[in-house]
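Reading the structure
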Amino acid sequence: MEWMTLSPEEWTAVRLSIRVSFWATVVSLPVGILVAHVLARREFIGKTLLNGIVHLPLILPPVVTGYLLLLTFGRRGPVGSFLDQAFGIVFSFRWTGAALAAAVMAFPLMVRAIRLSIETVDRRLEAAASTLGANPLMVFLTITLPLMLPGIIAGAVLAFAKAMGEFGATITFVSNIPGETQTLPSAIYTFTQVPGGEAGALRLTLVSIVIAMAALIASEIFARRVGRRLAA
Amino acid sequence: MTIAMEVKHRQGDFLLAASFASGDGVTAFFGASGSGKTTLVNILAGLIRPDHARIVVDGRVLTDTAAGVNIPVHRRRIGYVFQEARLFLHLSVERNLRYGRSFAPRGEADAVPMEDVVEMLGIGHLLARRPASLSGGEKQRVAIGRALLANPRLILMDEPLASLDGPRKAEILPYLERLRDESRVPIVYVSHSVAEVARLANEVVVLGEGRVRAAGPADEVLQRLDLLPEGERAEVGALVALTVVAQDPAFGLTQLSSSAGNWVLPRVDAAEGSVVRVRVRARDVMLAVGKPEGISALNVLECTVAALSTGEGPETVVRLDSGSDRLVARITRRSASELQLVPGQRIYAIVKAVTFDESRAR
């Protein structure tokens, strides 16, 4: 079983991947809920455009998305240079950039799952809440949000899993720096590029499978618990 | 407390043009489905924004399209009990009941004591349960309590019994009567059932094809056959207020009295001296020109023919005065002509005690 032991470098990649995916999911979740709500409930000019932009990372080649991120959020990009000068926030070639790339790539999946769950929320319950004195924000927080919780969980897990596997956009945007931007897929890719790297690639592949399965099972358990609460 | 409403609203092909005013107690919006009842209460609640309207409840202008006033739903303080209970599935019964309280103005949250409402509706044993595990009748009782506990100025009920079967309806009606009698909140009650309206309403607004066909005290409106939808005509009748005189446990009957005379009904659960409202269906009233002898019917009342109306069918509707009470009889045109009925004539109205069923007497 000697070959199953992860080297320190491999551990670093695993930890980094989890950190990147966690933050990508957590930070994009509120935005995802907002965008999903707007797309599900509001009619406005430019809705088709917004819907298209949200879904763009799903259909563009990941390398293109990564390159666009580099152009906008890179040190010399319009947004990147502004954030650097104003707040000292730097994305390029940092783990935060990897998180941004993962979040952007996972965003369409997250929004789709949450949007579906909003569409199943009974709007008549929201009307009932408003007759009881709840203003629109309170209706959303106390009725809509709890009722769409299963969809939010599904969206978050999907986004986390997608972020764990993100490769093309990440490597294009923030490169493949061990300890900073070398996530699991990048590390596996690196192993496959050097002679004798098969064992390392296999170990990290197994780790990827375990993490993905664990996330899926956890979300199943959580969603079932929420479902039971809503049913009985 | 008054409700004054003037509404013009177009929804697709349907035009609602109604105006009326009503007061305390229970006002019924009565009409066949598609008559505009639900649209009208939704406009009153603020759930539908009307094209043109002026709505004043208790001196407060809720909507005045001409002046650009439209108070949003959550600030109207109008409770709403929907056809389906619409309980919040993710909250316990208790938290459903308390939901509106957190939004009531400071100092007002306890104006309606929780224990009183829970006791009145008999839902104390359900507090810890989840809505999904309740029966239809229990859900509707919780929904009524939830609306009441938000301390509303007015409660709207849109066919709250329509989704329930017969026994469940009978389960809820007594609670609605208690609500009418014990709480000071006025109620607008939407229904297409004469039985429910007769039992609950003080005033009736009859709607048909988006217009107000008639409005007035319940006992007057419900006597008018022409106002009722086709399927409900069998239910037309008079409302009579009766005072309980004595119980007759040996035969399971109750003796009552009105200005028309003495009545005998199947047992009415009410204390001696209390007043109950009874609906006497027009089709259950038989007429005799002489005082009948040796008949099984227990209620024989001396009346005066007030008016006769004959439509195109084989029927004649006879309005009767008896003391200060009014009765209605539906007889055939042939009987009316054979008895040579004319207004002012003395006549005996005969009503079998067994025609009163549980749902019509209280």
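These numbers were taken from a predicted model, which means no experiment stands behind them. Throughout this description, residue numbers start from 1 for each chain and increase along the sequence as written. The naming scheme follows written order: chains are lettered A onward, ligands numbered 1 onward. Where totals are concerned, whole chains, interfaces and linings use all residues; where local detail is concerned, this predicted model gives features only for residues with pLDDT of at least 70, and gives and counts side-chain atom pairs only at 80 or more.

Numbering of helices and strands runs from the N terminus, with a helix taken as a DSSP run of H or I at least four residues long and a strand as a DSSP run of E at least two residues long. Counting its regular elements, chain A contains 11 helices and 0 strands. When the helices and strands of chain A are listed from N to C terminus, the series reads α-α-α-α-α-α-α-α-α-α-α. Dimensions of chain A, computed from the C-alpha atoms along their principal axes, are close to 70 × 45 × 30 Å. Taking all 232 residues of chain A together, 40% fall into the buried category. Three exposure classes are used, based on other C-beta atoms lying within 10 Å of a residue's own C-beta, which is placed from the backbone: buried for 20 or more, exposed for 12 or fewer, and partly exposed in between.

In terms of helices and strands, chain B carries 8 helices and 20 strands. Its C-alpha radius of gyration of 22 Å places chain B within 12% of the 21 Å reference for a compact globule of 362 residues. Taking the principal axes of its C-alpha atoms as reference, chain B extends roughly 65 × 50 × 30 Å. A total of 362 residues make up chain B; the buried ones form 42% of that total. We compute the radius of gyration over the C-alpha atoms and compare it with the globule rule, which gives 2.2 Å times the number of residues raised to the power 0.38.

Right, let's talk about the interface of chain B and chain A for a bit. Throughout, a residue-residue contact means that the two C-beta atoms, derived from backbone geometry, are no farther apart than 7 Å. Contacts between the two partners involve 21 residues from chain B and, on the opposite side, 17 residues from chain A. In terms of residues, the side of chain B that touches chain A owes the most to one element, strand β7 (residues 78-81) of chain B, which gives 3 residues. Throughout this entry, Asp, Glu, Lys and Arg are counted as charged residues, while Ala, Val, Leu, Ile, Met, Phe, Trp, Tyr, Cys and Pro are counted as nonpolar. The remaining residues, Gly among them, count as polar. For the side of chain B that touches chain A, a count of residues per class yields 13 nonpolar, 5 polar and 3 charged.

All names here are of chain B. Burial along strand β4 (residues 52-57) is one-sided: the residues A53, I55 and V57 are buried and none of H52, R54 and V56 is. Think of it this way: DSSP has to see at least two bridges between two strands before they count as a pair. Where β4 lies against strand β5 (residues 60-64), 4 bridges are found, and the strand directions are antiparallel. Considered in β5, the bridge of R54 is made with D64.

Before going further, it helps to spend a moment on the pairing of β7(B). Residues and elements named next belong to chain B. Side chains I78 and Y80 of β7 all project onto a buried face; the interleaved residues G79 and V81 project onto the opposite face, where all are buried too. Bridge count for β7 against strand β8 (residues 154-158) is 4 bridges, and the pairing is parallel. Within β8, the position partnered with G79 by the bridge is I155.

Turning our eyes to something else, we now look at the domain arrangement of chain B. Each domain's limits were defined by an automated method or a database of domain assignments. Segmenting chain B into domains produces domain 1 (3-230) and domain 2 (238-360). Between domain 1 of chain B and domain 2 of chain B, the C-alpha centre-to-centre distance is 32 Å.

Residues and elements named next belong to chain A. Orientation of helix α5 (residues 95-120) relative to helix α8 (residues 149-165), taken along the N-to-C sense of each, is 160°, at an axis distance of 8 Å. The angle between the axes of α5 and α8 places the two elements in the roughly antiparallel class. Helix-helix and strand crossings are classified by hand; for α5 and α8 the assignment is right-handed. Contacts between α5 and α8 pair A102, A103, M105, A106, L109, M110, A113, I114, L116 and S117 from the former with P150, G151, I152, A154, G155, A156, L158, A159, K162 and A163 from the latter. Split by residue class, the contact of α5 with α8 holds 16 nonpolar, 3 polar and 1 charged. Between the N-to-C directions of two axes lies an angle of 0 to 180 degrees, each axis being a line fitted to C-alpha atoms and, for a helix, fitted only over the stretch in contact. An angle below 35 degrees is treated as roughly parallel, one above 145 as roughly antiparallel, one from 65 to 115 as roughly perpendicular, and anything else as oblique. Here is the rule for handedness: rotate from the far helix to the near one, and if that takes an anticlockwise turn smaller than a right angle the crossing is left-handed, while a clockwise turn gives right-handed.

Moving on to the sheet that holds strand β16 (residues 285-288) of chain B. Residues and elements named next belong to chain B. Taken together, 5 strands build an open sheet; the order of strands is β16-β20-β17-β18-β19 and the sheet is antiparallel. Unpaired on one side and paired on the other, β16 and β19 (325-332) mark the two borders of the sheet. Averaged over all pairs of adjacent strands, the angle between strand axes in this sheet comes to 45°, irrespective of strand direction. The pairing of strand β17 (residues 299-310) with strand β20 (residues 346-351) spans 6 bridges and is antiparallel. Opposite T304, over in β20, you have R346 as the bridge partner.

Take unusual backbone geometry next. All names here are of chain B. At R77, a position not held by glycine, the phi torsion is positive, near 60°. Tracing the backbone through its elements, the reader meets R77 in the loop between β6 (69-70) and β7. We note that R86 has phi near 55°; this positive angle belongs to a residue other than glycine. Along the polypeptide, R86 turns up in the loop between β7 and α2 (93-98).

Let's shift gears to the sheet that holds strand β13 (residues 253-258) of chain B. Residue and element names in this part refer to chain B. As summarised here, the arrangement of the 4 strands in space is β14-β13-β12-β15, forming an open sheet in which the pairing is antiparallel. At either margin of the open sheet sits one strand with a lone partner, and together these are β14 (261-266) and β15 (275-281). Here the average twist between neighbouring strands, direction ignored, is 45°. Pairing between β13 and β14: 6 bridges, direction antiparallel. Within β14, the residue paired with S258 across the bridge is G261.

For the rest of this paragraph, the subject is the confidence of the model for chain A. Mean pLDDT for chain A: 90, with 97% of residues reaching 70 or above. Mean pLDDT across the elements of chain A bottoms out in helix α11 (residues 198-231) of chain A (85) and peaks in helix α6 (residues 123-131) of chain A (95). Each residue carries a pLDDT value, the predictor's own confidence for that position, ranging from 0 to 100.

For chain B, mean pLDDT is 86; residues scoring 70 or higher make up 96% of the total. In the model output, the complex is listed with pTM 0.78 alongside ipTM 0.79.

So, on to α5(A). Residues and elements named next belong to chain A. A helix is expected to span 1.5 Å multiplied by its residue count minus one. Helix length check: α5, at 26 residues, gives a terminal C-alpha distance of 37 Å against a target of 38 Å (1.5 Å per residue), a fit within 8%. Bending is quantified residue by residue as the angle between axes fitted to the seven-residue window ending at that residue and the seven-residue window starting at it. Approximately 45° is the largest bend angle found in α5, and it occurs at A106, with the proline P108 only one to four residues beyond. Summarising burial for α5: 22 of the 26 residues are buried, a large majority.

Quick look at the packing of helix α3 (residues 114-121) of chain B against helix α4 (residues 136-149) of chain B now. When two helices pack together, their arrangement is given by the angle between the helix axes and the distance between those axes. Residues and elements named next belong to chain B. Two elements in contact, α3 and α4, have axes whose closest approach is 10 Å; the angle formed by their N-to-C orientations is 155°. Of the possible angle classes, the one that applies to α3 and α4 is roughly antiparallel. Handedness of the crossing formed by α3 with α4: right-handed. Only R141, I144, G145, L148 and L149 of α4 make contact with α3, whose side of the interface consists of M114, V117, V118 and L121.

The next thing to look at is the environment of V117(B). Counting through the fold element by element, V117(B) comes out in helix α3. Contact partners of V117(B), with chain neighbours within four places excluded, come to V112(B), G145(B), L148(B) and L149(B).

Turning next to the environment of D219(B). Residue and element names in this part refer to chain B. Considering the arrangement of structural elements, one finds D219 in helix α7 (residues 218-221). The exposure class assigned to D219 is buried, which follows from the 20 C-beta atoms found within 10 Å. For D219, the contacting residues outside a window of four places in its chain are A238 and L239.

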